[in-house]
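# Architecture at a glance
Listed below are the residues making up each chain.
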Amino acid sequence: PLALGLYTVNAVYGDTITMPCRLEVPDGLMFGKWKYEMPNGSPVFIAFRSSTKKNVQYDDVPDYKDRLSLSENYTLSIKNARISDEKRFVCMLVTEDDVSEEPTIVKVFKQPSQPEILHQADFLETEKLQMLGECVTRDSYPEGNVTWYKNGRVLQPVEEVVVINLQKIVDKSTGLFTMTSSLQYVPTKEDANAKFSCIVTYYGPSGQKTIQSKPVVFDVHYPTEKVTIQVLSQSSTIKEGDNITLKCSGNGNPPPQEFLFYIPGEAEGIRSSDTYVMTDVKRNATGEYKCSLTDKSMMDSTTITVHYLDLQLTPSGEVTKQIGEALPVSCTISSSRNATVFWIKDNTRMQTSPSFSSLQYQDAGNYICETTLQEVEGLKKRKTLKLIVEGKPQIKMTKKTNTNKMSKTIICHVEGFPKPAVQWTVTGSGSIINKAKETKYVNGKFSSKIVIAPEENVTLTCIAENQLERTVTSLNVSAISIPEYDEPEDRNDDNSEKVNDQAKLIVGIVVGLLLAALVAGVVYWLYVKKSKTASKHVDKDLGNIEENKKLEENNHKSET
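Please read all numbers here as calculations on a predicted model, not as lab measurements. (Residues numbered from 1 in each chain as written. Predicted model: local features only at pLDDT ≥ 70, side-chain atom pairs only at ≥ 80, totals over all residues. Heavy atoms only, no water.)

### Let's talk about the pairing of strand β37 (residues 380–401)
The criterion, for reference: Strand pairing is defined by DSSP finding a minimum of two bridges between the two strands. By the criteria applied, helices consist of DSSP H or I runs no shorter than four residues and strands consist of E runs no shorter than two, each listed in order from the N terminus.
Across six bridges, strand β32 (residues 317–322) lies against β37 in parallel orientation. Bridge assignment links Val-319 to a residue of β37, and that residue is Leu-387. As paired strands, strand β36 (residues 365–372) and β37 are joined by eight bridges and run antiparallel to one another. The partner of Thr-371 across the bridge, within β37, is Lys-381. In terms of strand pairing, β37 meets strand β38 (residues 408–417) through nine bridges, oriented antiparallel. Along β38, the bridge assignment pairs Lys-399 with Ile-410.

What follows is the structure, given as structure tokens:
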């Protein structure tokens, strides 16, 4: 590099300065020397080297003590470059006949420290000119320049809005500069999140460079311009029993800490922090809620609906009725919205609402009337009806000969609630039969069954008893040798009637034939005995009548 047509060496502060002697070594060289020139032009010699004796001498110059080195080719090196080394140095080569000189200019550069924004304002207020801070960068050479930025854009000075002052101070002992730039600024609300920074521009050996500070964000204070009220709730809807938290906020910075809350039914506003809590709210809490600043300015409002759901079941609880009775049931709903109602019986959802015009045992059970508001989470009501249908024991007995013809099955069909206890006895002997088997008790009905093989005709008694009554029914059972099919368990009533009708028809035909034969015999006998007296005829008639009675008794026994 050349400065004013002279050879220039650029050095970095603290590094070694190397200056070659840019002269050709002449013949007959005696020695070489280096000097620098004072500002007034007077020389100061600092190094000497003989070409014959090869020895080097350094002049006693305090600034360069122990810092100089002169090589065989007369290149001069200066360690630990300083700002004071910025001089005009001259290389001299001396012969007997001539002295040659070649000057070199030394320039020293020092990179400044990273800029810092110091003495930062605690906060900024809008519409007010105030000191934002100072940008400080130290130990620069040559002196640099400081520029302020906001959000990456240069802040240009504007009277009464952006005021920038730059101070440069040099350290006399080192010659290094410290630059301090202060910024006065009138912030706006939009500066709340703005990033302020500063950049120092300086010169180095290779040209112009920059270093940027860390950005700084300031707390900007501005007044509230709008108030907002909110309902804080875990759900989008509110129901009776919930807690309501109202939050009032202002868009100022710092935000207001106190507000006035206006509650339905309250004549005056309630002074509170930014939140107001209502616990276990009822349906009468529905209405318009407002909040404002404590000076009653800037008000906002919102409407709250407290949903409710009432259910009335008639009758409810445990209800006991008799079989055949009527029972009206009603489930009445009152709610803030249309509610969905459904019935459950014994954990099974019913298709229709229960209605009892004549109660049966299968109507007994646990009924639940349940209702929900689908749009309101958690709003559900239910009430229960435990229906008990009682009835006195009713008995029907059947018998049949089993297919193996070795035994007979006698069944006692029982209805009633509470479940009757069943006992079998043999009429006459009074002995109790303990080998009965019972079917499952379902809808107030079950059967008790015994299997016997009687050697002679017997009468069996079935006794059914619960808390309401004791019922007794007996049934005649023929000996095992006489088959019986009068009321088989699995045969319907029509078949039973057909069997009975056929038996009656056969008996009638037999009786008719016997009577016809008897009448014919009497007529013939009267014809032969015409000569007998009337009294004798009467006696004979009476005798015939007695014989007829005996015949009828015999016929009756046979029918039985």
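Here the narrative resumes, following the displayed structure.
### Side note on the pairing of strand β19 (residues 207–212)
Regular strands have side chains that alternate between both faces of the sheet. Across six bridges, the pairing between strand β18 (residues 195–204) and β19 is antiparallel. Residue pairing for β19: Tyr-203 is matched across the bridge by Gln-208. Between the antiparallel neighbours β18 and β19 lie two residues.

### A closer look at the side chain of Ser-447
To keep it simple, the criterion reads: N or O atoms closer than or at 3.5 Å make up a polar contact, with two conditions inside protein: a donor-capable atom paired with an acceptor-capable one, and, for residues adjacent in sequence, both atoms drawn from side chains. Residue contacts follow a heavy-atom distance rule, with two residues in contact if any of their heavy atoms lie within 4.5 Å.
Note on placement: Ser-447 falls in strand β42 (residues 445–452). In terms of polar contacts, Ser-447 uses its side chain to reach the side chain of His-413, at 3.2 Å. What Ser-447 contacts, discounting residues up to four positions off in sequence, is Ile-411, Cys-412, His-413, Lys-437, Glu-438 and Thr-439.

### Some words on the environment of Thr-224
By the element assignment, Thr-224 lies in the loop between β21 (220–221) and β22 (227–232). Once you skip the residues sitting within four places of it in the chain, Thr-224 turns out to touch Gly-250, Asn-251, Gly-252, Pro-256 and Met-298. Polar side-chain contacts of Thr-224 include one of 3.3 Å to the backbone nitrogen of Gly-252.

### Topic: the confidence of the model for the protein
Applied cut-off: pLDDT measures the predictor's confidence residue by residue and takes values from 0 up to 100.
With 87% of its residues at a pLDDT of at least 70, the protein reaches an overall mean of 86. Considering only residues more than four positions removed or in separate chains, one finds that residues 488–504, a stretch of pLDDT under 50, has 10 contacts. pLDDT under 50 marks residues 530–560. Its contacts with residues more than four places away, or in other chains, come to 14 contacts.

### Structural notes on the environment of Pro-393
The line we're drawing: Categorising residues by exposure relies on relative accessible area from a 1.4 Å probe, with only protein chains included: less than 20% of the type maximum marks a residue as buried, more than 50% marks it as exposed, and the intermediate range marks it as partly exposed.
Take Pro-393: it is sitting in strand β37. For Pro-393, a relative accessible area of 1% gives the class buried. Those residues in contact with Pro-393 that lie beyond four places of it in its chain are Glu-415, Gly-416, Pro-420, Ala-464, Glu-465, Asn-466, Glu-469 and Thr-471.

### Here's the deal with the state of the cysteines
We apply this condition: The disulfide criterion is simple: two cysteine sulfur atoms within 2.5 Å.
In the structure shown here, the tally under the stated rule is five disulfides. Paired by a disulfide, Cys-135 and Cys-198 hold their sulfur atoms 1.9 Å apart. Linking Cys-135 and Cys-198, the disulfide has an S-S dihedral of approximately 75° and is accordingly described as right-handed. With Cys-135 in strand β13 (residues 130–140) and Cys-198 in strand β18, this pair connects stretches of sequence that are 63 residues apart. The buried category is assigned to Cys-135, whose relative accessible area is 1%. Note on Cys-198: relative accessible area 0%, which makes it buried. Between the sulfur atoms of Cys-412 and its disulfide partner Cys-462 the distance amounts to 1.9 Å. A torsion of -85° about the S-S bond marks the disulfide between Cys-412 and Cys-462 as left-handed.

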